[in-house]
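# Structure assessment
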Amino acid sequence: MIAKIIDNTFDQQYLYNIMQVLNDSIEYKANNIANRKTWPFGDSGSHRLLGCRLFERKSLNRCTVLHDKAQPFFDMFERIETLTEHEYYLQEIFINLQHAGCDGSSHIDSIQGTKDELTIMVFPNPEWCQEWGGQFEILDKGRVIESHEYKPGRIVIFPAYVSHRGLGPSIDQPHLYRYSIVFRVRT
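This is a predicted model, so every value here is computed, not measured. (Residues numbered from 1 in each chain as written. Predicted model: local features only at pLDDT ≥ 70, side-chain atom pairs only at ≥ 80, totals over all residues. Heavy atoms only, no water.)

### Some points on the pattern of salt bridges
For the coordinates displayed, the defined rule picks out 9 salt bridges. Between arginine 184 and glutamate 92 there is a salt bridge whose closest N-O contact spans 2.8 Å. Residue arginine 184 is located in strand S11 (residues 178–186), and its partner glutamate 92 is located in strand S5 (residues 89–98); the two are separated by 92 residues in the primary sequence. Each member of the pair arginine 184 and glutamate 92 is classed as buried. Salt bridges linked by common partners bring Arg53, Glu56, Lys58, Glu92, Asp109 and Arg184 together as one network. (Salt bridge = Lys/Arg side-chain N within 4 Å of Asp/Glu carboxyl O. Helix = DSSP H or I, 4+ residues; strand = E, 2+ residues; numbered from the N terminus. Buried < 20%, exposed > 50% of the residue type's maximum accessible area, 1.4 Å probe, protein only.)

Structure (structure tokens):
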């Protein structure tokens, strides 16, 4: 298995609190561009998802984005570091939002193109039924080699150079959104 899965870490009330921040305090735009092909702004890529960048660090001493509502996500990240017994160099915190019909296409998250980059993803929805879909898939040459169910509070850790995608909800229910919190790190 490529992805490391950690379940049953966060209290449901904690996830409700995180969802309140995600729903009430953050503005989403179609600016999460996967497989960026241009430089320096990365305006061109394979697809866009609704999202919001909460934090971005370009180097040890240069932080280019720090959202005023980012603090709870730094707290979550520190809990993940405790769980994994590893300190990471945090490069980005990004929130993705998907609705029915909004499946991601195959992409990689690597920023620097190095093997020491990881993606740590958290599924914050406090309630989710299996029949709603929202799976996370790891792909090889377009073929699914791992599929992981969307579960409340699930943490998924995988190499950032691995091709993957998230599927939106499989049912068209009003106001059903699949959120993911993405921490891009170096080991």
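### Structural notes on the pairing of strand S7 (residues 136–140)
Of all 5 residues that make up S7, 4 are buried, and the element is covered over most of its length. The sheet contact formed by S7 and strand S8 (residues 143–148) spans 5 bridges and is antiparallel. Paired with leucine 139 across the two strands is valine 144, which belongs to S8. Linking S7 back to S8 in an antiparallel pair, the connection comprises 2 residues, with lysine 141 at a positive phi of about 55°. (Pairing = 2+ DSSP bridges.)

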